[in-house]
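Coordinate analysis (summary)
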Amino acid sequence: MFARSRAALLACLFAGLLIAPVHAQTVQIEQLTIGSAGTTIVLKGLEIEGSSLSAEALRRLGTSGDFKAVADAVGKLSATAVRAASIETVDRVGKDRSTMVLEGVRLTDIRNGRAAAGIMNGGRFTEETDGRSVMSGTFGTVRVREADIAFGLALQAPGADSAELRPVYASVEVTAVEMKPEDGGRVLMDRMVASDILARPLAKGWTATLEGFAAAEDFDSLKPADRAVLVRDLEKLYASIAIGRLEALGIRVTDGTEDALIGRMLFEGAATGRGPVFALDNVSHASGAERVSIETIRFSDWSMEPLLKGLVAAYGDPAKTVEPSLSSLMPAFGALRIRNVSVRGMGSPLSAPAEMRGLEIRVDNPAGGIPKGMRLAFEGVTAPLDPADAETADLRALGYSKIDVSGAIELAMRGTDELEIREVSFKGVDMADVTLSGVLGNAGAVMNASSAEAAALSAVAMTIKRLDLTVENRGLAEKLAAKEGGGRKTPQQVRNETKALAALTLPPILGTSPGARALTAATLQFIGDPKRLTVSARAKNTAGIGAAEAAMIAAPADAFALVEVEARAD
């Protein structure tokens, strides 16, 4: 993938190698070959108008395999226009070989190695591994704007590490892309536009850096010194390129039996100042009778930088190699949001689809490492109840023909040792809403554990400081009472009988403490008039109730010695 992307970059850059105005002379060159063992560029059928260099000076560029020397020369070139029948770039990285051919090239107004604009009529590409073709394809018209050709060439050569990101392209537009993997299928794309493509030099140059990655196939078997070089180079490469915006429209993936469509794919990078965003709009997949559609998928505010820093901290110094902790290798996750999912024909003969209005996964760890908070929520999951499904027989017996449910889990650290349960909820349309919140103690060791085993051991020491439970009836109580009455009793008669039975059984079970009496009274009121029940329990010990204390509770009434309970029914 690195090789193919670099081949595309170099092909467009070399397409503008010979352009911009100074001396009014026309130069024609049948073929010009530039490059080295890693990268070769062949330009055929060149016609250069207003070239600042003679044909002989241009031909001398083909005698050098030094990208730095070529970049310096291109930085002095000017011409009004250049035409090329074709430009072929062959890029070799390890066992990978990428070839890209641009046809019908025309670039205009190049000054000091910078092209104002360019257009290519189309082209083709192939990618090989170990001499075996793994991908081929074609594309239509290519347009570039404000391409810094000299700087793009200099990136390939060794230079000085730089903290400055400089523009390589203002924009690149490609139309009618078709990719054919050798294992079958096709990928089609109507149009792709990338803008604000920035880069910075690396001390080794991009060519040597990528070749180093290709040579290091097994990280675990590398010597400490080689690991150190690899992880430091990876961190530098990650920071060496930025894209403001990449948008692809009309993407179709097919293998003859399955089709996937993506209306739009969007990437907005840190260069926009808004943080990274990756989005897919109008996604669909079809296979036989199965259909899946998604209105949008949006992944935002993530970063791999914390993971790379963790690798460098662990392996970047060969004399101090340490096994990295799990937390040090966590990237910044950000947020994933999915809207309006529809599924048909998967495991059910019903014509009505299963749907979901929304899904959100949000992690609060902007600097990587252990999250300070997280949220998982789903909204409006609806599905018809299959009459032949035994698992949903009880719901159908209550009169439900479909479900419509939502739910959420949201957690956050308070200080260094308390875990706040902000929400654990389940909401069912025409059913009930149940919400739990609270605070757990001694959570710091669990959240900062270096492994799953350590987290499990630390969890034993966690304590419960507070729990709040709210139950709101949304129609389930009425359906239960109607079913229990069986047409012989009214729902209110069923509730009255249930309340009377509870009044006899709850006091012996819960006891007669103030908290027990409050809970019993609220429960009886809720049974008789099921609207909303709220129960709050707080540990009398400010440190909370631990596992050892909980294990000593032999009966429900014993719990009231450890907690203060408030309860009410509205």
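Residues numbered from 1 in each chain as written. Predicted model: local features only at pLDDT ≥ 70, side-chain atom pairs only at ≥ 80, totals over all residues. Heavy atoms only, no water.

So, about the overall build of the protein chain. From N to C terminus, the protein chain includes 15 helices and 22 strands. In summary, the protein chain has a C-alpha radius of gyration of 33 Å against a globular reference of 25 Å for 570 residues, an excess of more than 25%. By its C-alpha atoms, the protein chain is 105 × 60 × 40 Å across when sized along the principal axes. Burial analysis of the protein chain (570 residues in total) assigns 43% to the buried set. Here the analysis covers contacts within the protein chain between residues at least 6 apart in sequence; of these, 64% occur between residues at least 24 apart. (Helix = DSSP H or I, 4+ residues; strand = E, 2+ residues; numbered from the N terminus. Rg over C-alpha atoms; globule rule 2.2 N^0.38 Å. Buried < 20%, exposed > 50% of the residue type's maximum accessible area, 1.4 Å probe, protein only. Contact = heavy atoms within 4.5 Å.)

If you trace the backbone, Ile338 turns up in strand 14 (residues 334–344). Separated by 283 residues in sequence, Ile338 and Ala55 have C-alpha atoms that sit 57 Å apart.

The next subject is the packing of helix 5 (residues 205–215) against helix 6 (residues 224–238). Viewed as axis vectors pointing N to C, helix 5 and helix 6 meet at an angle of 130 degrees, and their least axial separation amounts to 10 Å. When the axes of helix 5 and helix 6 are compared, the pair comes out oblique. Judged by the sense of rotation from one axis to the other, the crossing of helix 5 with helix 6 is left-handed. Two secondary-structure elements touch here, helix 5 through Thr209, Leu210, Gly212 and Phe213 and helix 6 through Leu230, Asp233, Leu234 and Leu237. By residue class, the composition of the contact of helix 5 with helix 6 is five nonpolar, two polar and one charged. (Axes fitted to C-alpha atoms, helices over the stretch in contact; angles between N-to-C directions. Parallel < 35°, antiparallel > 145°, perpendicular 65-115°, else oblique. Left-handed = near helix turned anticlockwise from the far one by under 90°. Nonpolar A, V, L, I, M, F, W, Y, C, P; charged D, E, K, R; others polar.)

Enumeration over the complete set of coordinates arrives at five aromatic pairs. Between Phe299 and Phe333, the ring centres sit 5.3 Å apart and the planes meet at 55 degrees, which makes this aromatic pair tilted. On the criterion of sequence distance, the pair formed by Phe299 in strand 13 (residues 290–300) and Phe333 in the loop between helix 7 (305–315) and strand 14 is long-range, its members being 34 residues apart. Classification of Phe333 by relative accessible area gives partly exposed; the value is 30%. By way of ring pairs, the aromatic residues Phe267, Phe299, Trp302 and Phe333 are connected into one cluster. Lying across the ring of Phe151, Arg166 places its NZ or CZ 4.0 Å from the centre. (Phe/Tyr/Trp six-rings, centres within 6.5 Å; stacked < 30°, edge-to-face > 60°. Lys NZ or Arg CZ within 6 Å of the ring centre and 35° of its normal.)

Now for the pairing of strand 10 (residues 241–254). Where strand 9 (residues 186–199) and strand 10 come together, 12 bridges link them in antiparallel fashion. Residue pairing across strands places Ile197 opposite Ile243, the latter belonging to strand 10. Judged from the nine bridges that link them, strand 10 and strand 11 (residues 258–268) form a sheet pairing that is antiparallel. Bridge pairing in strand 11 places Arg245 opposite Glu268. (Pairing = 2+ DSSP bridges.)

Turning next to the pattern of salt bridges. Within the structure shown, the criterion is met by 39 salt bridges. Linking Lys204 and Asp233 is a salt bridge whose minimum nitrogen-to-oxygen distance equals 2.6 Å. In this pair, Lys204 sits in the loop between strand 9 and helix 5 while Asp233 sits in helix 6, placing the two residues 29 residues apart along the sequence. On the basis of relative accessibility, which here comes to 13%, the residue Asp233 falls in the buried class. Its salt-bridge partner being Glu235, residue Lys309 comes within 3.8 Å of it at the nearest N-O pair. Note that Lys309 is positioned in helix 7 and Glu235 in helix 6, a separation of 74 residues in sequence. (Salt bridge = Lys/Arg side-chain N within 4 Å of Asp/Glu carboxyl O.)

In this section: the confidence of the model for the protein chain. Within the protein chain, residue pLDDT values average 87, and 93% of them lie at 70 or more. Low pLDDT, under 50, characterises residues 13–24; the predicted model gives this stretch 66 contacts beyond four residues in sequence or across chains. (pLDDT = per-residue confidence, 0-100.)

Position of Met189 relative to the elements: it lies in strand 9. Taking the relative accessible area as the measure of exposure, Met189 reaches 11% and is therefore buried.

Its 15 residues place the ends of helix 6 21 Å apart at the C-alpha level, agreeing with the 21 Å of an ideal helix rising 1.5 Å per residue. Every buried residue of helix 6 is listed here: Arg227, Ala228, Leu230, Val231, Asp233 and Leu237. (Expected span 1.5 Å × (residues − 1).)

A word on the packing of helix 6 against helix 7. Direction vectors running N to C along helix 6 and helix 7 enclose 155 degrees, while the axes themselves pass 9 Å from each other. With respect to helix 7, the element helix 6 is oriented roughly antiparallel. Crossing of helix 6 over helix 7 shows left-handed handedness. In this structure, helix 6 uses Pro224, Arg227, Ala228, Val231, Arg232, Leu234, Glu235 and Tyr238 to contact helix 7, whose residues at the interface are Glu305, Leu308, Lys309, Leu311, Val312 and Tyr315. Of the residues contributing to the contact of helix 6 with helix 7, the split by class is nine nonpolar, no polar and five charged.

Looking now at the side chain of Thr39. Counting through the fold element by element, Thr39 comes out in strand 2 (residues 39–49). Classification of Thr39 as buried rests on a relative accessible area of 0%. In this structure the side chain of Thr39 is engaged in a polar contact, spanning 3.0 Å, whose partner is the side chain of Asp91. (Polar contact = N/O pair within 3.5 Å; in protein donor to acceptor, adjacent residues only side chain to side chain.)

Here Asn365 shows up in the loop between strand 15 (354–364) and strand 16 (373–384). Filtering out sequence-adjacent residues up to four positions away, Asn365 remains in contact with Pro331, Ala332, Phe333, Gly334, Ile370 and Pro371.

To continue, consider unusual backbone geometry. Positive phi is not limited to glycine here, since Asn112 has a value of about 50 degrees. For Asn112, the location among the structural elements is in the loop between strand 4 (96–111) and strand 5 (114–129). Residue classification places Asn112 among the partly exposed positions, given a relative accessible area of 46%. One non-glycine residue with positive phi stands out, namely Asp430, at about 65 degrees. Among the secondary structure elements, Asp430 is positioned in the loop between strand 18 (418–428) and strand 19 (432–441).

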